[in-house]
Amino acid sequence: MKKLFTVLLVLAVAGFAFANGGSESSDTASAEPIVLKAADTHAIDYPTVLGLIKMGELLDEWTDGRITIEVYPSKQLGEEKETIEQVQLGALDIVRTSVGPVGTIVPELSVLSLPYIFRSAEHSYKVVDGEIGDELLALCEPHGFVGLGWYGSGQRSFYNTKRPIRSLEDLDGLKFRVMQNPVFVDMVDALGASATPMAYGEVYTALSTGVIDGAENNYPSFYTSNHYEVAGYYTQDEHLRVPEIILMSKKVFDTLSAEDQELIKKAAAESVPYQREQWDLMAAESRKKMEEAGVEIITDVDKTPFINAMAPVYEKHAATLGPWIERIQAVK
Ligand code: GTR
């Protein structure tokens, strides 16, 4: 009996191997090269772009060059909002973007754009790497995206051309650029300042010409966009921790074999820890460079009034985001 079982097992394994090998050699379509185009707003050495490059290298290695990623950095394929739309339509394969603007298409994602929703970087990683993150990625699908993973992007704080901000009063009358999602307008309104949604690539000129007085971002974006040249005051109020997301076009994804889909998901997942390491390095380096460039970094800011001022933003979005807010806050 035992012998028969062993023989059957051997036959089953052989059959499986044959079926696999057979399908590979007969299925010429799976041997066709797949070149995925990926867009990022940042320059080639920015951690998010390095993450995409890593993802492409892994795919290249695992498939002997059959699947590769062509990364287009520095907004070569357009501003973030446009590239998100291109991915949704299937005209572009992959975009790495801030979650911020995606919230206008996948409403549940806006919970990650609420001010002070995360207590720390650890809290934000725990949320996106856990059940909540997985559910949010799955919610991208009905909107035409396959959510492939979350990259790190630290904290976002206000900076401006006028004066050091230490209190809510200091914000009074200032005009800030925000990312294109109404939740950020609500946030700035609640702080008593005014907000102008605008594409990232327009911010430098808008700051230089006085169309806006300031903006908000993390250290690497503030530094690499050269905004520090015109906005000399950076207040570390840490109001946002909006993650970065890798989105693939569902239209394109659905044309691939299940095996290739798995490889793409795996490569994205494996690029995440690498991206986050690169992130930490660049955040520290950018902060140092900001100091060297003479930016006044205001760290003695009492965040409590800022946090309390956000109550109306939470009230406004409670109807749609309430259960998500509670779940995120409950993650210890
Ligand atoms: C950066 C982010 C970009 C872009 C930019 C912005 O931190 O990495 O994807 O969203 O902020 O403020 O538009």
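All of these numbers come straight from a predicted model, not from anything done at the bench.

(A) Structural detail: the side chain of H239. Tracing the sequence through the fold places H239 in strand β9 (residues 233–240). Among the polar contacts listed, one links the side chain of H239 to the side chain of E216, at a separation of 2.9 Å. Polar side-chain contacts of H239 include one of 2.3 Å to the side chain of D237.

(B) Inspection of the site of the ligand at higher detail. The ligand sits among 13 residues. The nearest are H42, E80, R177, N217 and E244. One nitrogen or oxygen atom from the side chain of N217 is found 2.7 Å from an oxygen atom belonging to the ligand. Between the ligand and E244, the relevant distance is 2.6 Å, taken from an oxygen atom to a side-chain nitrogen or oxygen of the residue. Here the ligand, which alone exposes 310 Å², has 98% of that area covered by the protein.

(C) Representation of the sheet that holds strand β2 (residues 67–72). Reading across the sheet, the 5 strands line up as β2-β1-β3-β10-β4 and stay open at both edges, with mixed pairing between neighbours. Taken across any chain shown, the strands that pair with only one partner, and hence form the sheet edges, are β2 and β4 (145–151). If you compare each strand with its neighbour and ignore which way they point, the axes differ by 25 degrees on average. One ladder, built from 6 bridges, connects β4 with strand β10 (residues 244–249); its direction is antiparallel. Of the residues in β10, the one forming a bridge with G147 is L247.

(D) Quick look at the packing of aromatic side chains. Evaluation of the coordinates by the stated rule reveals 7 aromatic pairs. Measuring from centroid to centroid gives 4.4 Å for Y159 and F222, while their planes differ by 50 degrees, and the two rings are tilted. Taken together, the positions of Y159 in strand β5 (residues 156–160) and F222 in helix α10 (residues 219–224) put the pair 63 residues apart, joining distant regions of the chain. You'll find Y159 and F222 in the same group, each marked buried. One aromatic cluster in this structure is built from Y159, Y219, F222 and Y234. One residue, K54, lies across the ring of Y274, its end atom 4.8 Å from the ring centre. A cation sits over an aromatic face here: K266 above W62, 4.4 Å from the ring centre.

(E) Structural context of the pattern of salt bridges. Considering all chains together, one arrives at 18 salt bridges under this definition. E85 is the salt-bridge partner of K81, the closest N and O atoms lying 3.6 Å from each other. With a gap of 4 residues between them, K81 and E85 both fall in helix α3 (residues 80–89), about one helical turn apart. Judged by relative accessible area, which is 34%, E85 ranks as partly exposed.

(F) Local environment of the packing of helix α6 (residues 131–138) against helix α14 (residues 311–330). Interaxial distance between α6 and α14 falls to 10 Å at its minimum, and their mutual angle equals 150 degrees. By the criterion of interaxial angle, the relationship of α6 to α14 is roughly antiparallel. Residues E131, I132, E135 and L136 of α6 pack against W324, R327 and I328 of α14. Among the residues making up the contact of α6 with α14, the classes are represented as 4 nonpolar, no polar and 3 charged.

(G) Quick peek at the environment of L59. Checked against the element boundaries, L59 lands in helix α2 (residues 47–62). The exposure class of L59 is buried, given its relative accessible area of 0%. Note: C-alpha distance between L59 and A268 (209 residues apart in sequence) is 9.2 Å. With residues near it in sequence (within four places) discarded, L59 still touches I67, I69, L263, I264 and A267.

(H) Region of interest: the pairing of strand β8 (residues 214–217). Because side chains alternate across β8, one face comprises the buried residues G214 and E216, and the other comprises A215 and N217, equally buried. Two strands pair when backbone bridges link them, and β5 and β8 are joined in this way by 4 bridges, in the antiparallel orientation. Counted as the bridge partner of Y159 is A215 from β8.

Thresholds, definitions, all that
Here the residue index of a chain counts from 1 through its sequence in written order. For a predicted model such as this one, the threshold for reporting local features is a pLDDT of at least 70, and the threshold for listing and counting side-chain atom pairs is 80 or more; totals across whole chains, interfaces and linings nevertheless cover every residue. Neither water nor hydrogens contribute to the side-chain values; these are computed over all heavy atoms in the structure. Helical segments are the DSSP runs of H or I of at least four residues, strand segments are the runs of E of at least two, and each set is numbered from the N terminus. A 3.5 Å cut-off defines polar contacts: any pair of N or O atoms within that distance qualifies, except that in protein one atom must be a possible hydrogen donor and the other a possible acceptor, and neighbouring residues in sequence count only when both atoms are side-chain atoms. Whether a residue is near a molecule or strand depends on its heavy atoms: if one lies within 4 Å, it is near. In this description, accessible areas are obtained by the Shrake-Rupley approach with a 1.4 Å probe, and a residue is regarded as covered only by the protein chains that are shown. Strand pairing is defined by DSSP finding a minimum of two bridges between the two strands. Axes here refer to lines fitted to C-alpha atoms; in helices the fit is confined to the stretch in contact. Angles between the N-to-C directions go from 0 to 180 degrees. Any two rings among Phe, Tyr and Trp, with Trp reduced to its six-membered ring, count as a pair given centres within 6.5 Å; such a pair is stacked if its planes are under 30 degrees apart, edge-to-face if over 60, and tilted if neither. Three labels apply to residues, based on accessible area from a 1.4 Å probe with only protein chains included: buried if under 20% of the type maximum, exposed if over 50%, partly exposed otherwise in between. Here, a charge over a ring is recorded when the distance from Lys NZ or Arg CZ to the ring centre is within 6 Å and its angle to the ring normal is within 35 degrees. Just to be clear on terms, a salt bridge is a Lys or Arg side-chain nitrogen sitting within 4 Å of an Asp or Glu carboxyl oxygen. Should an angle fall under 35 degrees it is called roughly parallel, over 145 degrees roughly antiparallel, and 65 to 115 degrees roughly perpendicular, with every other angle called oblique. Should any heavy atoms of two residues lie within 4.5 Å, those residues are considered in contact. Residue polarity is assigned by list, with Asp, Glu, Lys and Arg as charged and Ala, Val, Leu, Ile, Met, Phe, Trp, Tyr, Cys and Pro as nonpolar; anything else, Gly included, falls into the polar class.

Read these as layout, nothing more, since geometry by itself doesn't imply function.
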